[in-house]
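Breakdown of the fold
So the chains spell out like this:
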Amino acid sequence: KMLSSSRLLVLAVLPACFALHLPAQDLRPSAQPTARAMRAGGLKLSGGTFITPSLALKGGAAAETSLFDMYLKTMSLVTNLFPLWTVLFTAIALKSPKTFDFFTTEYFTAALATLMLSMGITLTPADFVAVAKEPKSIFVQFSLCYGMMPVLALMLGKAFSLNPALLAGTVLVGCINGGQASNLCTYIAKGNVALSVLMTTATTIGAIVMTPLLCKLLLGAVVPVDAVGIAVSTIQVVLAPIGIGMLTNYLCPGFVKKMLPVTPVIGVVSTCLLVASAVAQVAEPILNAGMALQLPLLALHLIGGLVGYGLPAVMGFDEVSCRTMAIETSMKSSAFGFLLAKLHLGQYDARVPAAVSVVWMALTGSVLAVIWRFIPVTDGSDVFNASA
């Protein structure tokens, strides 16, 4: 089923892979969009081209230019309001879970792989060279993701006296990679989006080894854990889509450039469906668990974000890097955690924390991003405020 859904993904939903990176970024810091371009409501294409409404159809009819202008602004608004859609879809899933019965495990897997593909489609081998140029920040955030967050999840789970299955699911959330939505929240927070994508890439690839290893070490005596199955699923849902995305970017750059401006809403829809499907499948246990489960998951993401900001600040990182690492640490790939819990943890309730985490992850990250958006960067590290 995992492999068949991957083929479905390649054949049917390839265009969706571009969406969550709007208004996204070339991964090379030198190609960041200027403040003037962003104020114009532009969208970033691969290869460093940044389209603004006034330039999108240069030489075309005025009516067409106005229409494209409206499209770009609308898609930018829809994408930036994704936390609102997350809350709306969550409410529907809790009130009427059967609404999302159509979104089966195969569709869930394909949609999740699509989000991984959305990261791979923007990557080139040169971007991995860029990782080597930012070793300290990548290492610190990687350590927060796979060192501090799993231990914090375990401590919170025990502090709130969660039963073994819920404790296992909470720890699994702490053991997974950073989420792709962190790239958008980093953009909103005036962080370094290029660095955010590199950090997400590092933790995502690292999940192939770290997630099953940590789960076995921390949970082996709590619930049955299929570490090999977790590793295989991670390769299928993470590594393969990233590889396909990079290959597509290399072989078909023209196709990528043409498709990118017309598909932003697809990624938002995919994300909302992942959230709603996860919540709908365990709606009753979520409602029954009450605040005893909500609070530790909220605390996990909130404390993760605060430590992810404070520790780098103490270590001397600049303001923009601190904001970037905070959001990367706070925002886990909770939908991926839900899939792993469903497939490879032995008890039904183990998947409930990941479904709760999907919501709190999006809300925590977006709140931090909005707060920081209105706090000026005073140390000169704001790469987004460079003059055009």
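See above for the structure.
Conventions and cut-offs
- Residues numbered from 1 in each chain as written.
- Predicted model: local features only at pLDDT ≥ 70, side-chain atom pairs only at ≥ 80, totals over all residues.
- Heavy atoms only, no water.
- Helix = DSSP H or I, 4+ residues; strand = E, 2+ residues; numbered from the N terminus.
- Buried < 20%, exposed > 50% of the residue type's maximum accessible area, 1.4 Å probe, protein only.
- Contact = heavy atoms within 4.5 Å.
- Areas by Shrake-Rupley, 256 points an atom, 1.4 Å probe, with all protein chains shown as cover.
- Core = buried A, V, L, I, M, F, W, Y, C linked by side-chain atoms within 4.5 Å.
- Phe/Tyr/Trp six-rings, centres within 6.5 Å; stacked < 30°, edge-to-face > 60°.
- Lys NZ or Arg CZ within 6 Å of the ring centre and 35° of its normal.
- Polar contact = N/O pair within 3.5 Å; in protein donor to acceptor, adjacent residues only side chain to side chain.
- Expected span 1.5 Å × (residues − 1).
- Axes fitted to C-alpha atoms, helices over the stretch in contact; angles between N-to-C directions.
- Parallel < 35°, antiparallel > 145°, perpendicular 65-115°, else oblique.
- Left-handed = near helix turned anticlockwise from the far one by under 90°.
- Patch = residues over 30% accessible without salt bridge, like charges linked within 9 Å, V, L, I, M, F, W, Y side chains within 5 Å.
- Salt bridge = Lys/Arg side-chain N within 4 Å of Asp/Glu carboxyl O.

Within the protein chain one finds 19 helices and two strands. In the protein chain, which comprises 388 residues, the proportion classed as buried is 57%. Taking as baseline every contact in the protein chain between residues at least 6 positions apart, the subset at least 24 positions apart corresponds to 82%. Surface accessibility of the protein chain: about 15400 Å² in total, with carbon and sulfur atoms responsible for 70%.

What follows deals with the nonpolar core. Counting residues in hydrophobic clusters, the biggest one holds 61 residues, and the most contacted among them are Phe108, Leu274 and Leu300. Look past the residues within four positions of Leu274 in its chain and what remains in contact with it is Phe103, Phe108, Ala111, Leu112, Leu115 and Ala335. Counting 18 residues, the second largest nonpolar core, distinct from the first, contains Ala181, Leu184, Ala326 and Met331.

A few words now on the packing of aromatic side chains. Considering all chains together, one arrives at seven aromatic pairs under this definition. For the pair Phe102 and Phe103, a centre-to-centre distance of 5.9 Å together with 75 degrees between the ring planes defines the contact as edge-to-face. Judged by its relative accessible area of 48%, Phe102 is partly exposed. The structure contains a cluster of three or more aromatic residues connected by ring pairs, namely Phe102, Phe103, Tyr107, Phe108 and Phe338. The side chain of Lys136 reaches across the aromatic face of Phe317, ending 5.1 Å from its centre.

For the rest of this paragraph, the subject is the side chain of Ser277. Of note, Ser277 is situated in helix α14 (residues 264–281). Residue Ser277 is classed as buried on the basis of its relative accessible area of 1%. A polar contact is formed between the side chain of Ser277 and the backbone oxygen of Phe103, at a distance of 3.5 Å. For Ser277, the residues in contact, after removing those within four places along its chain, are Phe100, Phe103 and Phe108.

The next point concerns helix α9 (residues 164–175). Here α9 contains twelve residues, and its C-alpha end-to-end distance of 16 Å stays within 8% of the 16 Å for a straight helix at 1.5 Å per residue. When you tally the buried positions in α9, you get eleven out of twelve residues, the bulk of the element. The N-cap of α9, judged by a side-chain oxygen 3.1 Å from the amide nitrogen of Ala165 a few residues on, is Asn163.

Between its first and last C-alpha, helix α19 (residues 352–373) extends 32 Å over 22 residues, near the 32 Å set by a 1.5 Å rise per residue. Judged by how many residues are buried, α19 sits mostly within the fold: 16 of 22 residues are covered.

Remark: helix α16 (residues 291–314) packs on α19, axes separated minimally by 9 Å, with the N-to-C direction vectors making an angle of 40 degrees. The angle between the axes of α16 and α19 places the two elements in the oblique class. Judged by the twist between their axes, the crossing of α16 over α19 is right-handed. Contact residues: α16 offers Leu293, Gln294, Leu297, Leu298, His301, Leu302, Gly305 and Tyr309, while α19 offers Val352, Pro353, Val356, Ser357, Trp360, Met361, Thr364, Leu368 and Trp372.

Time to look at the packing of helix α10 (residues 181–188) against α19. The contact between α10 and α19 brings their axes to 8 Å, and the two run at 20 degrees. For the element pair α10 / α19, the angle class is roughly parallel. Regarding α10 and α19, the two cross each other, and that crossing is right-handed. Across the interface between the two elements, Cys185, Tyr187 and Ile188 of α10 pack against Gly365, Ser366, Ala369, Val370 and Arg373 of α19.

In this section: a nonpolar patch on the surface. Taken together, the side chains of Ile303, Val307, Leu311 and Met315 present a nonpolar region at the surface, about 270 Å² in accessible area. Checked against the element boundaries, Ile303 lands in helix α16. For Ile303, a relative accessible area of 32% gives the class partly exposed.

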